[in-house]
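The chain contents come next:
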Amino acid sequence: MGSGNAIRGSRVGAGPMGEAERGEAAPRVRVSFWCANMHETRPSFASDAPVPEFWDCPRCGLPAGQDQSSPPAPPRNEPYKTHLAYVKERRSDKDGAQILAEALERLRSSSRPIY
Ligand SMILES: [Zn+2]
């Protein structure tokens, strides 16, 4: 029976912690956003960070703005356009699949697995 494991486990104890805990005192501001469904969201931002003009409503996903009286309009659904985009996507997907298949074929013929 040998005992060559003496070195293992010699590093006991964690390194110095707390470096990340600092900087907690950065001031934050809360900004209210309203979506078209009148959901109010109040995310907080670091006071020195720019506040975005729009915010995604976490409840319905619509864009929310800071002006309660005129929230941003929900994005319109255009089925025809979406369908066209879908077809286009499919086509390029097919091309991509073909390229991938060819690449795989080349790979397979150049480096055959050994059984
Ligand atoms: Zn909403």
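Conventions and cut-offs
- Residues numbered from 1 in each chain as written.
- Predicted model: local features only at pLDDT ≥ 70, side-chain atom pairs only at ≥ 80, totals over all residues.
- Heavy atoms only, no water.
- UniProt positions renumbered as here; feature names shortened; annotations may be inferred.
- Donors = N, O, S within 2.8 Å, 3.2 Å for Na, K, Ca; no water.
- Tetrahedral: all angles 85-135°; square planar, octahedral: opposite > 155°, others 65-115°.
- Helix = DSSP H or I, 4+ residues; strand = E, 2+ residues; numbered from the N terminus.
- Buried < 20%, exposed > 50% of the residue type's maximum accessible area, 1.4 Å probe, protein only.
- Polar contact = N/O pair within 3.5 Å; in protein donor to acceptor, adjacent residues only side chain to side chain.
- Contact = heavy atoms within 4.5 Å.
- Phe/Tyr/Trp six-rings, centres within 6.5 Å; stacked < 30°, edge-to-face > 60°.

An unreviewed UniProt entry annotates the protein as RNA polymerase-binding protein RbpA originating from Microbispora corallina. In its Sequence similarities (unreviewed entry) section, UniProt records this for the protein: "Belongs to the RNA polymerase-binding protein RbpA family." On record in UniProt, under Subunit (unreviewed entry), the comment for the protein is "Forms a complex with the RNAP catalytic core and with free principal sigma factors."

On to the coordination of the zinc ion, then. Distances from the zinc ion to its protein donors, Cys-35 (SG), His-39 (ND1), Cys-57 (SG) and Cys-60 (SG), fall within 2.1 to 2.3 Å. One way to put it: the 4 donor atoms around the zinc ion meet at angles of 107 to 115°, and that makes the site tetrahedral. Ordering the donors of the zinc ion by residue number gives the pattern C-x3-H-x17-C-x2-C. Taken together, the residues span a long stretch of sequence, with His-39 in the loop between strand S2 (33-34) and strand S3 (40-41) and Cys-60 in the loop between strand S5 (54-56) and strand S6 (63-65) at a distance of 21 residues. The class for His-39 is buried, based on a relative accessible area of 19%.

Along the polypeptide, Ser-32 turns up in the loop between strand S1 (28-30) and S2. There is a polar contact of 2.9 Å between the side chain of Ser-32 and the side chain of Glu-40. Of the polar contacts made by the side chain of Ser-32, one reaches the side chain of Arg-42; its length is 3.4 Å. Among residues more than four places away in sequence, those in contact with Ser-32 are Glu-40, Thr-41, Arg-42, Gly-65 and Gln-66.

Most peptide bonds adopt trans geometry, and most residues besides glycine take a negative phi value. Even without being a glycine, Met-38 presents a positive backbone phi close to 65°. Exposure remark for Met-38: the relative accessible area of 44% places this residue in the partly exposed category.

As a further point, take the side chain of Thr-41. Examined against the element boundaries, Thr-41 turns out to sit in strand S3. Discounting chain neighbours no more than four positions away, the residues touching Thr-41 are Val-31, Ser-32, Phe-33, Trp-55, Cys-57 and Pro-58.

Summed over the entire model, instances satisfying the criterion amount to 3 aromatic pairs. Here the aromatic rings of Phe-33 and Phe-45 are separated by 6.3 Å at their centres, their planes lie at 70°, and the arrangement is edge-to-face. With Phe-33 in strand S2 and Phe-45 in strand S4 (residues 44-46), the pair connects residues that are 12 residues apart, well separated along the chain. Relative accessible area serves as the criterion here: at 9%, Phe-45 is assigned to the buried category.

We now examine the UniProt feature "binding site: Zn(2+)" (unreviewed entry) in the protein. Summarizing the sequence annotation, UniProt attributes the feature "binding site: Zn(2+)" (unreviewed entry) to Cys-35, His-39, Cys-57 and Cys-60 in the numbering used throughout. A maximum C-alpha distance of 8.5 Å is found for the annotated residues, which run over 26 residues; spatially they form one tight group. Here Cys-35 falls in the buried class, since its relative accessible area comes to 0%. Every residue in contact with Cys-35, bar those within four places of it in the chain, is listed here: Cys-57, Cys-60, Leu-62, Pro-63, Ala-64 and Pro-71.

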